[in-house]
Structure formats: C-alpha cells, structure tokens
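A closer look at the structure
Spelled out, the chains give:
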Amino acid sequence: MARQLDYHTIRAIFTRFQKQEPEPKGELHHVNAYTLLVAVALSAQATDAGVNKATRPLFATVDTPQKMLDLGLEGLTEAIKTIGLFRQKAKNVIRLSEILVEQYGGEVPSSRAALQSLPGVGRKTANVVLNMWWHVPAQAVDTHIFRLGNRTGICPGRDVEAVERAIEDNIPAEFQQHAHHWMILHGRYICTARKPRCPDCLIRDLCPFEDKTA
C-alpha cells in the first residue's frame, strides 16, 4: 500500500484526468433512476458489458418497478440468465421493486440509508445511484478504485470504506463529483491488475508505483 499522496500531487493528477475527459460517464446502460439502480445491482461480480447485453432489451420495455413486477420473477430470471448469480439477483430486483411500489410510490429514494435498505443494494450501489442520478459527490469504491488508490497513493486504505474516506478527505472538492468515474476508467483500462499500461499512463511521472511496466 503506497503512502497517501500530498495535496498538490493529487490536484495535478485530477487536473490531468479532467483535461482528458471533462465529463466522464458510467458505462452501465440505463434510462432513468430505477433502471440505473437495477443495472448497478446486477453488476455485482459481473462486467458492465455483460450487464448491458442483458439489460438493453429488458429496459426497452421494463423501465419502472410496476412493469418489473408485471414481468415477474420467471420472466426476469430468463432475461438476465447470462449474468452471474442471476437467480438471486432476480429475486432481489423483484423484492426491491415491490418495496418501491409499496413504500415509495414507485420512485427511487434519494438517500443512502433508504437505498441501502433495499434488497441487494449495498453502499457501493447506493453511492453510484446518488452520484450518477442526483449528482451527489458520493464515492463508489470498486475493485479498480481499490487497486488504483493503493497502488498510486491517491486514496490508500486497507478496506473499501477506508479508501472511500481517503477520497473524500484528500481529493479537492472541485474534483469530487467525477472522482470515482475517472479512477474507475483509469483502473479498468490503464492501471490494470496484472500488467498495468504504464507507458500509456498520463500520470506516470506522478505515480510512486515502483514496478512500472516498460
């Protein structure tokens, strides 16, 4: 685990991220807050591309909690059977859809606590929805951010919540809204797990990682 980078280095890193991609976007397909919630819940231990393959046709006709309930557990299970852990995920989506209809008038709640009370919705999923839909600077820490944060010293921490706190505490406020998207994309495509693409890295000179690839 690298040491926490100083303020000026972090500012320089995120200035470069921002210049390269001023408005980074999440890669999960969605059409509204509900489909975003469902897509993120389905993405646990699955790739965004794999989730999108199943949800694009699904969300073309099923884009509200009530429509999901009308589709039913069997129909949803069939629609997402290419996604890992699809049976349990289908049960969670049906149950959370029931709760949204019964308790929230069919709307997705906009607080972390309410979101996390839904089946299959953890802190990371809640933070993604808060960030992407309501533009709250919530930090969703996935495996890419955890690796990147500890490898580079941008946001080191021994667990996910420690990394989340390191982002909130150390990244300048003006970069907080897009911080997790910049880091996810950088970790997914450049600072990869087995063989990071250091020659293609725009923050190579600011990164303390000793085992850089040639």
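The structure displayed is predicted, hence computed values, not measured ones. (Residues numbered from 1 in each chain as written. Predicted model: local features only at pLDDT ≥ 70, side-chain atom pairs only at ≥ 80, totals over all residues. Heavy atoms only, no water.)

Further remarks concern the overall build of the protein chain. What the protein chain contains, in helices and strands, is 10 helices and 0 strands. For the protein chain, the α and β elements follow one another from N to C terminus as α-α-α-α-α-α-α-α-α-α. Since a compact globule built from 214 residues should have a radius of gyration of about 17 Å, the 18 Å found for the protein chain is in line with a globular shape. The contacts of the protein chain with a sequence gap of at least 6 include a subset with a gap of at least 24, amounting to 61%. A total of about 10900 Å² of accessible surface is found on the protein chain, and carbon and sulfur atoms cover 51% of it. (Helix = DSSP H or I, 4+ residues; strand = E, 2+ residues; numbered from the N terminus. Rg over C-alpha atoms; globule rule 2.2 N^0.38 Å. Contact = heavy atoms within 4.5 Å. Areas by Shrake-Rupley, 256 points an atom, 1.4 Å probe, with all protein chains shown as cover.)

To continue, consider helix α10 (residues 176-189). Counted at 1.5 Å a residue, the expected span for α10 with its 14 residues is 20 Å, and the 21 Å between its end C-alpha atoms agrees. In terms of burial, α10 is a largely internal element, 10 of the 14 residues being buried. Within the span of α10, buried status applies to Gln 176, His 178, Ala 179, His 180, His 181, Trp 182, Met 183, Ile 184, His 186 and Gly 187. Considering only its buried residues, α10 is in contact with α1 (7-20), α7 (123-134), α8 (143-152) and α9 (160-170). (Expected span 1.5 Å × (residues − 1). Buried < 20%, exposed > 50% of the residue type's maximum accessible area, 1.4 Å probe, protein only.)

Let us now look at the UniProt feature "binding site: [4Fe-4S] cluster" (unreviewed entry) in the protein chain. UniProt records the feature "binding site: [4Fe-4S] cluster" (unreviewed entry) for Cys 191, Cys 198, Cys 201 and Cys 207 in the present numbering. A maximum C-alpha distance of 10.8 Å is found for the annotated residues, which run over 17 residues; spatially they form one tight group. Mapped onto the secondary structure, Cys 191 falls in the segment after α10. For Cys 198, the location among the structural elements is in the segment after α10. Take Cys 198: its relative accessible area is 8%, and that puts it in the buried class. Beyond its immediate stretch of four places on either side in the chain, Cys 198 contacts Arg 204, Lys 212 and Thr 213. (UniProt positions renumbered as here; feature names shortened; annotations may be inferred.)

All chains considered together, the criterion is met by 4 aromatic pairs. Ring-pair connections join several aromatic residues into one group, and the members of that group are Phe 14, Phe 17, Phe 175 and Trp 182. One cation-aromatic arrangement involves Arg 151 over Phe 209; the distance from NZ or CZ to the ring centre is 4.9 Å. (Phe/Tyr/Trp six-rings, centres within 6.5 Å; stacked < 30°, edge-to-face > 60°. Lys NZ or Arg CZ within 6 Å of the ring centre and 35° of its normal.)

Take Asn 131: it is sitting in helix α7. Within the local environment of Asn 131, its side chain forms a polar contact with the backbone oxygen of Ala 138, the two atoms lying 3.1 Å apart. In this structure Asn 131 touches Val 136, Pro 137, Ala 138, Gln 177, His 180 and His 181, once residues within four positions along its chain are discounted. (Polar contact = N/O pair within 3.5 Å; in protein donor to acceptor, adjacent residues only side chain to side chain.)

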